[in-house]
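Listed below, chain by chain, are the residues.
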Amino acid sequence: MTNFIIRRFIQAVPLLVLISFAVFTLMNLIPGGPMAAYQNNPNISPEDLARLQAELGLDAPLPVRYLRWLGSVLSGDLGISEITRRPAMTEIIEKLPNTLYLQLPAFLLALLLAIPAGILAAIRQYSWFDYLTTTIAFVGQSIPLFWLGLILIIVFNVMLRNPDGGPLLPGGGMFTIGDPNPTLEDRLLHLVMPMGVLTFFSLGSHLRYMRAGMLDVISQDYIRTAHAKGLRERLVILRHAIKNAILPLVTIIGLEIPGLFAGAIITETIFSWPGMGRLFFNSIDRGDYAVMMGILMLSATLIVLFGLITDIVYGFLDPRIRFD
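Residues numbered from 1 in each chain as written. Predicted model: local features only at pLDDT ≥ 70, side-chain atom pairs only at ≥ 80, totals over all residues. Heavy atoms only, no water.

Visitor: Got a minute to help me understand the overall build of the protein in this structure?
Guide: A count of helices and strands for the protein gives 14 helices and zero strands. From first element to last, N terminus to C terminus, the protein shows the α and β order α-α-α-α-α-α-α-α-α-α-α-α-α-α. For the C-alpha atoms alone, the extent of the protein along its principal axes is close to 85 × 65 × 35 Å. When each of the 324 residues of the protein is scored for burial, the buried share is 40%. (Helix = DSSP H or I, 4+ residues; strand = E, 2+ residues; numbered from the N terminus. Buried < 20%, exposed > 50% of the residue type's maximum accessible area, 1.4 Å probe, protein only.)

Visitor: Can you help me understand the pattern of salt bridges in this one?
Guide: Where side chains of opposite charge bring their charged atoms close, a pairing between them can arise. Taken as a whole, this structure holds four salt bridges when the rule is applied. Between D130 and R211 there is a salt bridge, with its nearest N and O atoms 2.6 Å apart. Within this pair, whereas D130 is found in helix α6 (residues 128-142), its partner R211 is found in helix α8 (residues 184-218), the two being separated by 81 residues in sequence. One salt bridge connects R224 with D221, and the closest N-O pair in it is separated by 2.4 Å. Note that R224 and D221 are positioned in helix α9 (residues 221-228) at a spacing of three residues, about one turn of the helix. Judged by its relative accessible area of 47%, R224 is partly exposed. Residue D221 is classed as exposed on the basis of its relative accessible area of 53%. Residues joined by salt bridges that share partners form a network here, namely R86, E91 and E94. (Salt bridge = Lys/Arg side-chain N within 4 Å of Asp/Glu carboxyl O.)

Visitor: Any chance you could explain the layout of surface pockets here in plain terms?
Guide: Over the atoms rolls a probe the size of a water molecule, and in doing so it shows where empty space is left. If you add up the space inside the largest pocket, you get close to 590 Å³. Around the largest pocket, the lining is made up of 20 residues, and of these L56, L58, W69, G79 and E82 lie nearest the centre. Elements that contribute at least two residues to the lining of the largest pocket include exactly α1 (2-29), α4 (62-74) and α14 (289-317). Taken together, the residues that form the lining of the largest pocket break down as eleven nonpolar, four polar and five charged. (1 Å grid on protein atoms, 1.4 Å probe; cavity = no way out; pocket = protein on both sides within 12 Å on 5 of 7 lines; lining within 4 Å. Points joined across faces, edges and corners; volume = space filled by probe spheres on them. Nonpolar A, V, L, I, M, F, W, Y, C, P; charged D, E, K, R; others polar.)

Visitor: Where do I start with helix α11 (residues 247-262) in this structure?
Guide: Every α-helical turn comprises 3.6 residues, leaving residues that sit three or four positions apart pointing alike. The end-to-end C-alpha distance of α11 is 24 Å, a good match for the 22 Å that 16 residues give at a rise of 1.5 Å each. Along α11, the positions that sit buried rather than exposed are L247, L249, V250, I252, I253, G254, I257, P258, L260 and A262. Against α5 (88-123), α8, α10 (233-245), α13 (276-286) and α14 lie the buried residues of α11. (Expected span 1.5 Å × (residues − 1). Contact = heavy atoms within 4.5 Å.)

Visitor: Where do I start with α13 in this structure?
Guide: The set of residues buried in α13 consists of M276, G277, L279, F280 and S283. Taken end-on, α13 shows its buried residues confined to a sector of 165°, consistent with a single buried face. Residues of α13 that are buried make contact with α5, α11, α12 (265-270) and α14. Remark: G287 follows α13 within two positions and exhibits a positive phi of approximately 70°. (Arc of directions from axis to C-beta.)

Visitor: So what exactly am I meant to see when it comes to the packing of α1 against α14 here?
Guide: Packed helix pairs are specified by the crossing angle of their axes together with the interaxial distance, meaning the distance between the axes. Between α1 and α14, whose axes approach to 10 Å, the crossing angle comes to 155°. Compared by their axis directions, α1 and α14 come out roughly antiparallel. The interaxial crossing formed by α1 with α14 has right-handed handedness. Residue composition of the contact of α1 with α14, by class: 20 nonpolar, three polar and two charged. (Axes fitted to C-alpha atoms, helices over the stretch in contact; angles between N-to-C directions. Parallel < 35°, antiparallel > 145°, perpendicular 65-115°, else oblique. Left-handed = near helix turned anticlockwise from the far one by under 90°.)

Visitor: What should I look at first to understand the side chain of S283 in this one?
Guide: Secondary-structure assignment places S283 in helix α13. Not counting residues up to four positions away in its chain, the partners in contact with S283 are D288, V291 and M292.

Visitor: Whenever I open this one, the environment of T90 confuses me. Can you help?
Guide: Its place among the elements puts T90 in helix α5. Residue class for T90 comes out partly exposed when judged on its relative accessible area of 30%.

Visitor: Help me out: how do you make sense of the packing of α6 against α8 in this one?
Guide: Packing of α6 against α8 leaves a shortest axis separation of 7 Å and a crossing angle of 130°. With respect to their mutual orientation, α6 and α8 come out oblique. Of the two elements, α6 crosses α8, and the hand of that crossing is left-handed. Contacts between α6 and α8 involve D130, T133, T134, I136, A137, F138, V139, G140 and Q141 from the former and F200, F201, L203, G204, S205, L207, R208 and R211 from the latter. In the contact of α6 with α8, the residues fall into eight nonpolar, six polar and three charged.

Visitor: How should the environment of I123 be read in this particular structure?
Guide: Take I123: it is sitting in helix α5. Judged by its relative accessible area of 22%, I123 is partly exposed. The spacing of I123 and G79 is 44 residues in sequence and 54 Å in space, taken between C-alpha atoms. Beyond its immediate sequence surroundings of up to four residues, I123 is in contact with E233 and I237.

Written as structure tokens, this is what we have:
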């Protein structure tokens, strides 16, 4: 196992370098490039534009610029945001807790609901509960996030009112604007709708994978043998079935966890949530290359890291898997 982990870490280094070069090249192929924000400014002359390019090192060949950027990243410097003139690292670190505050509860709640519901739906196949969970799973995966978010805002913020006459739920933000000391209740009320959207979306895919994995496992010979030995159904499910049935879901979880840090672009934009997803959307809209590159490289690094962790978890759940 130790040799496998060391080998995977060594393999991850050239992979991340290749990803960073591909992303850096694609970013520089975007029409306008990093100077797009200045090219349409009538107050900046062509001479000023050329001087800015020289000062920022943008007149150098692409490989040279990539090596300079890579050297800065390795020293912890992601560059300066062209919009706020602050370090891109600071911009990302400030928004990351807000994204985790939204994404983690939604992710955990979806898992807590999906795992037992998927197991029960598979055991009681073709029952009313199975049909209900299957319907929820398909609806959760079919409804566009932006549509569901807008419908929730219309219903709970515009149509429904609380006893004081105000909206039943706030329509956006993390807390009431202008309140210097927001209460816990105020923060939780602002969390309800965006968290509900993300939970409903994740619940659909998690339910389907858990139900499908369980259906596949409970038809295996070793499960029938366990029943034939006289073991109670609960013991067969808990001891023999769940560990193998959950493997497909573990793969999905490993792929989704990096997304928790990268943010939910659509949900955060609709609900004006000041997180990583909204920061990435704004950086694309304004051509803020330093922040864009920082978020993309953070996502790529986490995907590679959690891919390794998923492989290790596989080894613990399924003894047939060997890494040597």
